[in-house]
Amino acid sequence: MSLDIQNLHVRVKEKEILRGVSLCVEKNKVVVVMGPNGSGKSTLANSIGGHPTYDITGGVITVDGEPIHTLPPDERAKKGVFLSMQYIPEIPGVSIAHFLRTAYNSVFDQTVNPLKFYKILEEKAKELLLDVSFLKRDMGVGFSGGEKKKLEMLQLSVLLPKYAILDETDSGLDVDALRTVACGINNFVAAGGGVLLITHYHRLLEYVTPDAVLIMEQGSIVQRGGKELAKKIERDGYANDKKHDIT
Ligand SMILES: Nc1ncnc2c1ncn2[C@@H]1O[C@H](COP(=O)(O)OP(=O)(O)O)[C@@H](O)[C@H]1O
Ligand SMILES: [Mg+2]
């Protein structure tokens with residue numbers, strides 16, 4: 001059981017950005033992708049999610065053996081792929097609870113009872129060490145970076161996808177949000193999920209232990225290793241990493 005990417009080539013506006021990326025995220029595992037700015041990490045995430053700007057010109061993406069790379073984004077979500085939102089919509093008058101219920105109904109093709117759903121949501125919020133008052137906040141309105149991450153973890157725990165692609169561009173999470181993110185990821189993985197975690201953020205890796213670390217440069221995976229590779233990058237940076245140990 002895995003999210004499997006084989007030899008993925010992606011173009012954005014006629015320019016080749018991903019040049020043959022292969023990786024595999026198994027269930028119960030966390031695969032971390034790191035790399036300098038502009039190396040193609042978000043392109044990878046968006047291509048898996050099915051963003052129309054990202055033109056897959058070669059390769060395959062499968063979820064538990066089933067190809068998904070030709071499906072529209074909502075179909076990919078129904079196959080169990082979750083992509084963190086880079087831009088959270090601001091919807092005054094619509095609570096987080098309401099927003100999540102709509103997302104739940106859409107993914108599961110059903111109409112869940114609002115009160116029953118709220119009870120589930122309260123449980124999930126407590127598991128994530130979140131104050132339940134957060135559920136009543138207006139969707140996206142005045143969200144801090146940390147609150148965006150909290151929403152993302154709630155989405156993950158409610159929608160229960162098979163595989164989550166988390167593009168963690170924020171570097172300024174407070175301890176509170178960091179704990180919720182770590183807790184969300186660890187709970188999700190323990191429950192059988194697989195995570196592709198894109199991060200620059202070494203502090204997160206003190207709380208979430210990667211099973212594999214991949215380094216991306218110029219649209220290719222140039223190094224593969226275990227959690228020690230993330231430590232080495234933190235110590236030496238990308239510039240000092242010569243490409244001699246490509247696997
Ligand atoms: N929507 C887009 N429009 C134009 N260029 C893009 C777009 N998305 C990515 N790119 C280009 O692709 C390259 C990789 O970007 P990106 O995937 O965002 O890198 P990273 O997330 O590693 O910083 C950059 O040169 C960037 O300008
Ligand atoms: Mg990025």
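1. Things to note about the overall build of the chain
The secondary structure content of the chain amounts to seven helices and twelve strands. A globule of 247 residues ought to have a C-alpha radius of gyration of about 18 Å, and the chain, at 18 Å, matches this closely. Here the C-alpha coordinates of the chain stretch approximately 55 × 40 × 30 Å along the principal axes. When contacts within the chain are restricted to residue pairs at least 6 apart in sequence, those whose partners lie at least 24 apart make up 71%.

2. Remarks on the sheet that holds strand 6 (residues 81–83)
Neighbouring strands of a sheet are bound in pairs by backbone hydrogen bonds; such pairs are parallel or else antiparallel. The strand order across the open sheet built from six strands is 6-9-10-3-11-12, with neighbouring strands paired in mixed fashion. One side of each edge strand has no neighbouring strand; the edge strands of this open sheet are strand 6 and strand 12 (220–225). The mean angle between the axes of side-by-side strands here comes to 20°, regardless of whether they run parallel or antiparallel. Two elements, strand 6 and strand 9 (residues 163–168), share three bridges in a ladder whose sense is parallel. Its bridge partner being in strand 9, F82 is matched across the sheet by A164. Along the sheet face, helix 1 (residues 41–49) touches strand 3 (30–34), strand 6, strand 9, strand 10 (194–199) and strand 11 (212–217) and points at about 150° away from the line of strand 9.

3. Some details on the site of ligand 1
In the vicinity of ligand 1, the contacting residues are V12, K13, I17, G35, N37, G38, S39, G40, K41, S42, T43 and T53. At three residues, the largest contribution of residues to the shell around ligand 1 is made by helix 1.

4. A look at the nonpolar core
Among the nonpolar cores identified, the biggest contains 62 residues, and V32, V33, Y163, I165, V195 and L196 are the most heavily contacted of them. Among the domains, domain 1 (1–42 + 56–70 + 212–247) and domain 2 (73–197) are the pair contributing at least three residues each to this core. Residues contacting V33, with those up to four places away along its chain left out, are K41, L44, L196, I198, L214 and M216.

5. As for the domain arrangement of the chain
The assigned domain composition of the chain is domain 1 (1–42 + 56–70 + 212–247) and domain 2 (73–197). The distance between the C-alpha centroids of domain 1 and domain 2 comes to 25 Å. In this assembly, 17 residues from domain 1 lie in contact with 15 residues from domain 2. Listing elements by their share of the side of domain 1 that touches domain 2, those giving two or more residues are strand 1 (2–12), strand 2 (15–26), strand 3 and helix 1. Examining the composition of the side of domain 1 that touches domain 2, we find that four residues originate from one element, strand 3, more than from any other.

Rules used in this analysis
Residues numbered from 1 in each chain as written. Chains lettered and ligands numbered in written order. Predicted model: local features only at pLDDT ≥ 70, side-chain atom pairs only at ≥ 80, totals over all residues. Helix = DSSP H or I, 4+ residues; strand = E, 2+ residues; numbered from the N terminus. Rg over C-alpha atoms; globule rule 2.2 N^0.38 Å. Contact = placed C-beta atoms within 7 Å. Pairing = 2+ DSSP bridges. Axes fitted to C-alpha atoms, helices over the stretch in contact; angles between N-to-C directions. Near = placed C-beta within 6 Å. Core = buried A, V, L, I, M, F, W, Y, C linked by C-beta atoms within 7 Å. Buried ≥ 20, exposed ≤ 12 C-beta atoms within 10 Å, placed from the backbone. Domains from an automatic or database assignment.

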